[in-house]
Amino acid sequence: MTTDYAERFPESRNGDTHRPYQAASDRYESGAFRQVGTSGLWLPAISLGLWWNFGDNVPFQNQRTVLRHAFDRGITHFDLANNYGPPFGTAETNFGRMMREDFAPYRDELIISSKAGYDMWPGPYGNNGSRKYLIASAEQSLKRMSVDYVDIFYSHRADPVTPIEETVGALDTLVRQGKALYVGISSYSAERTAEAVAVAESLGTPLIIHQPSYSILNRWIEEGLTDALKTAGMGAIAFTPLAQGLLTDKYLGDGTGDRSQSRFSLPDGTLSEKALTTLRSLNDIANERGQTLAQMAIQWILRDEVVASALIGASSTAQLDQNLAATEGAPFDADELARIDELSGAIDVNLWAESSDA
Ligand code: NAP
């Protein structure tokens with residue numbers, strides 16, 4: 001794993017992950033925080049998700065290097081879910097070890113989230129949106145992560161069979177039990193969001209945040225969801241802003257990518273010529289702006305303030321450093337936005353479209 005950690009933080013030596021962790025004293029100096037809707041919660045403009053690079057597929061010390069570095073650079077929000085790994089549950093277990101060994105003194109500086117909604121354990125009670133599943137899964141997540149509560153708990157996806165009153169009622173219960181401070185929903189359509197908001201309001205526990213997929217290549221939230229969020233006073237944290245790595249320099253060469261892990265939802269082989277041409281044209285715009293493609297992609301999703309945070313993944317500290325500089329880019333001008341609009345409709349890869357409409 002590449003890291004310039006020791007160079008950047010010689011005094012704390014946090015790059016030597018066998019040494020006790022002490023957070024960098026300047027961790028809040030450059031970070032930008034943004035308000036989540038009308039709530040009292042503020043998130044870093046860039047948050048880190050543990051979906052794919054923090055399971056038992058990656059050496060623990062590598063994970064620890066990335067997470068320590070993230071917190072040292074002002075990333076106060078780590079996003080998890082019951083099924084992150086692989087295998088399922090291991091991202092939370094590995095994170096739990098880091099909570100105990102590294103981050104326990106900083107618990108009150110951290111926003112830790114988890115979710116339930118996708119397949120987690122066998123049988124009818126380990127999937128979807130029932131009260132039985134959500135409450136049991138939240139309990140398991142707290143144990144795996146060695147925390148007493150999560151800051152945000154999400155219904156991971158809409159369940160068309162379970163009544164929305166039951167799913168949102170389970171979120172309300174978790175707040176009342178002190179197991180979650182805030183609650184939210186992920187990948188719900190604009191219509192389902194409005195229904196969930198109404199139920200939550202009737203229970204007195206607001207849904208403050210929605211976690212949708214959103215990127216230059218996947219703009220479904222602009223067709224109704226962002227308006228629904230603004231009406232409800234909710235904020236968004238947008239996942240997969242780099243289209244799982246497509247919107248980085250990984251594919252710009254021959255289109256095969258240079259991946260830390262092979263991911264199930266990425267196209268297996270080489271990208272189509274059309275897709276590659278589009279990515280290269282987007283990269284040209286980024287370079288004209290003095291940015292990398294990844295930096296431009298992140299800054300672009302933050303252009304509407306309803307998006308409180310860009311929820312990225314990263315397999316190295318170098319990726320994190322590059323991505324964090326996204327917040328320093330010049331504002332987009334109208335011409336750049338128009339060129340990006342044109343290109344975003346020209347690519348034939350949309351990783352999350354199907355699961356973003358429940
Ligand atoms: P992403 O930010 O679109 O993609 C991250 C991947 O892009 C990294 O793992 C890395 O690939 C590559 N990358 C990142 N920065 C790079 C850079 N500067 N240069 C080159 N490559 C770079 O996000 P994601 O990992 O798909 O998802 C992010 C988070 O969103 C997840 O961890 C999870 O918390 C959340 N999420 C939520 C849902 C949901 O249903 N709510 C679904 C998916 C994700 P390599 O690892 O190959 O180096």
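Residues numbered from 1 in each chain as written. Predicted model: local features only at pLDDT ≥ 70, side-chain atom pairs only at ≥ 80, totals over all residues. Heavy atoms only, no water.

**Student:** Hey, could you go over unusual backbone geometry for me, with residue numbers and the actual values?
**Tutor:** When glycine is set aside, most residues are seen to have a negative phi, and most peptide bonds are trans. The linkage connecting Gly85 with the following residue, Pro86, adopts the cis geometry, with an omega of -5 degrees. Positionally, Pro86 belongs in the loop between β4 (77–79) and α3 (90–103). Here the amide bond leading from Pro86 into Pro87 is cis, since omega sits at -10 degrees, within 30 degrees of zero. Tracing the backbone through its elements, the reader meets Pro87 in the loop between β4 and α3. Its identity as a non-glycine residue notwithstanding, Ala243 has a phi of 50 degrees, on the positive side. Here Ala243 shows up in the loop between β9 (235–239) and α8 (273–288). Since its relative accessible area comes to 5%, Ala243 is described here as buried. (Helix = DSSP H or I, 4+ residues; strand = E, 2+ residues; numbered from the N terminus. Buried < 20%, exposed > 50% of the residue type's maximum accessible area, 1.4 Å probe, protein only.)

**Student:** Before we move on, could you go through the nonpolar core and cite the residues and values that matter?
**Tutor:** With 98 residues, the main nonpolar core has Leu48, Phe78 and Phe153 as its most contacted residues. By residue number, the principal contributor to this core is helix α9 (residues 293–301), which donates seven residues. The residues touching Phe78, leaving out its near neighbours within four places in the chain, are Leu48, Leu50, Leu67, Ala70, Phe71, Phe95, Phe103, Leu110, Ile111, Ile112 and Ser113. In this structure, Val36, Ile152, Tyr154 and Leu311 belong to the second largest nonpolar core, which totals twelve residues. (Core = buried A, V, L, I, M, F, W, Y, C linked by side-chain atoms within 4.5 Å. Contact = heavy atoms within 4.5 Å.)

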